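What follows is each chain in one-letter form.
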Amino acid sequence: MAKTALIAGITGQDGYYLSRLLLEKGYQVAGLIPPQRCKSIEKLGEIAERIKVCNIELTDAPGLLSVVEQLQPDEIYNLAAPSFVPDSWNDPLGTLDLVTGTATRLLAGVRQVGIPARFYQASSSEMFGEVNCSPQDENTPFRPKNPYAAAKVHAHWTMVHHRQRYNLFACSGILFNHESPRRPPSFVTRKVTLAAASIKLGLGERLEIGNLDAKRDWGYAGDYVEAMWRMLQAEEPEDYVIGTGHLHTVRELVAAAFSCVDLDWEKYVTVNPRFFRPDEHFQLMANPVKAKQNLGWEPQVSFEMLIEKMVFKDLERLQREKD
């Protein structure tokens, strides 16, 4: 029989790519979506009609328990989180409940129903925060610098405690920045690729950007969901750092994007201190050796390929709207 996967956060970027991957592998895929956001399933585009929608509040513990009991999923992926890290400062308690609360309620559901479901917790490189050494691996201490990261640390340890105390198959992917054409424009990668495409088509004139020297370990979301799946196919549940192991500056990002449309970026870009992040990280870079050794996972899409993919998709969208 086909396996069943239950996904919290299914309408986000990672939810889309993970759903697509699982459907290709023959899974039955179900997604948890709050009733007031039921129309957000449309974000999944061509695969939406193949998803079983469970309209449930992620704060509804009895409701989540009922869903787990009814579906008896083989795998559960908790991707639920605010999509934009800086927004967590506006609602720290809401962020904590969405991130840690959802993980706790789903893990409790697995334990109470008594099924052998395998659980994936979406952790984040933001948890490393103020690092003393680079790159970071699974043994690097967590020193979070914002409410989002703190909530992710809490959820991570909640997952670990359930694995240790209740012998659940639960694991965590500590993912570094992963992007795609499905990122909202609030993310710097999409902001840049959209601006390059807009200027090329005569729909925009300039790009205002923050710190050009800020660095990130950027990868492709489609590669990273493959790592999530592989973690749940392993013999033993373990936690993994997932990233490329390469840093690129925002300046390199901008140059790559404008190069895709044959424009000199320096003629169109203005630095605006308003976009600087006070909790900026400069040395967050993955050491994904464990994932390569244990899971056979390596990123397939390079930084340059990722930016090109995003720029060309934005060109396609804008041209379609223009016509």
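Before any of the text, the structure's been laid out above.
Reference entry: report on the structure contained in this document. (Residues numbered from 1 in each chain as written. Predicted model: local features only at pLDDT ≥ 70, side-chain atom pairs only at ≥ 80, totals over all residues. Heavy atoms only, no water.)

## Side note on the environment of Asp314
Relative to the assigned elements, Asp314 resides in helix α9 (residues 303-322). Note: C-alpha distance between Asp314 and Leu194 (120 residues apart in sequence) is 5.7 Å. Apart from the residues lying within four places of it in its own chain, the contact partners of Asp314 are Arg190, Thr193, Leu194 and Ala197. Within the structure, Asp314 has its side chain in polar contact with the side chain of Arg317 (distance 3.2 Å). (Helix = DSSP H or I, 4+ residues; strand = E, 2+ residues; numbered from the N terminus. Contact = heavy atoms within 4.5 Å. Polar contact = N/O pair within 3.5 Å; in protein donor to acceptor, adjacent residues only side chain to side chain.)

## Overview of the sheet that holds strand β3 (residues 51-55)
Read from one edge of the open sheet, 7 strands run β3-β2-β1-β4-β5-β6-β11, paired in parallel fashion. In this open sheet, the two strands that pair with only one neighbour each are β3 and β11 (240-242). Taking the axes of each pair of neighbouring strands and ignoring which way they run, one obtains an average angle of 25° across the sheet. Examined bridge by bridge, strand β2 (residues 28-33) and β3 share 5 bridges and lie parallel to one another. Note that in β3 the partner of Ile33 across the bridge is Asn55. Of the strands in this sheet, β1 (4-8), β2, β3 and β4 (75-78) touch helix α2 (residues 61-71), which is tilted by about 160° from β1. Seen against the sheet, helix α4 (residues 147-166) touches β5 (118-124) and β6 (169-175) and runs at an angle of roughly 155° to β5. (Pairing = 2+ DSSP bridges. Axes fitted to C-alpha atoms, helices over the stretch in contact; angles between N-to-C directions.)

## Some words on unusual backbone geometry
Omega for the bond connecting Ser134 with Pro135 falls within 30 degrees of zero, at 5°, which places this linkage in the cis form. Checked against the element boundaries, Pro135 lands in the loop between β5 and α4. The phi dihedral of Gln72 falls on the positive side, at around 50°, and the residue is not glycine. Topologically, Gln72 is positioned in the loop between α2 and β4. Although it is not a glycine, Asp262 adopts a positive phi angle of roughly 55°. Secondary-structure assignment places Asp262 in the loop between α7 (250-260) and β13 (269-271). On the basis of relative accessibility, which here comes to 68%, the residue Asp262 falls in the exposed class. (Buried < 20%, exposed > 50% of the residue type's maximum accessible area, 1.4 Å probe, protein only.)

## Notes on the environment of Val261
Residue placement: Val261 occurs in the loop between α7 and β13. Considered as a pair, Val261 and Lys200 are 61 residues apart in the sequence and their alpha carbons are 6.5 Å apart. Filtering out sequence-adjacent residues up to four positions away, Val261 remains in contact with Ala196, Lys200, Val311 and Leu315.

## Quick look at the packing of helix α3 (residues 92-113) against α4
Where α3 contacts α4, the axes come no closer than 8 Å and their chain directions differ by 15°. Taken together, α3 and α4 sit at an angle that is classed as roughly parallel. The crossing of α3 and α4 is right-handed. Note on element contacts: α4 touches α3 through Pro147, Tyr148, Ala151, Lys152, His154, Ala155, Thr158, Met159, His162 and Tyr166, opposite Pro92, Thr95, Leu96, Val99, Thr100, Ala103, Thr104, Leu107, Ala108 and Arg111. For the contact of α3 with α4, the per-class residue count stands at 12 nonpolar, 6 polar and 2 charged. (Parallel < 35°, antiparallel > 145°, perpendicular 65-115°, else oblique. Left-handed = near helix turned anticlockwise from the far one by under 90°. Nonpolar A, V, L, I, M, F, W, Y, C, P; charged D, E, K, R; others polar.)

## Let's talk about the packing of helix α1 (residues 13-24) against helix α6 (residues 221-233)
Running from amino to carboxyl end, α1 crosses α6 at an angle of 60°, the nearest separation of the two axes being 9 Å. Crossing hand, α1 versus α6: right-handed. Counting all contacts with α1, which are made through Gln13, Asp14, Tyr17, Leu18, Leu21 and Leu22, the residues of α6 involved are Ala221, Gly222, Val225, Glu226, Met228 and Trp229. Here the residues of the contact of α1 with α6 sort into 8 nonpolar, 2 polar and 2 charged.

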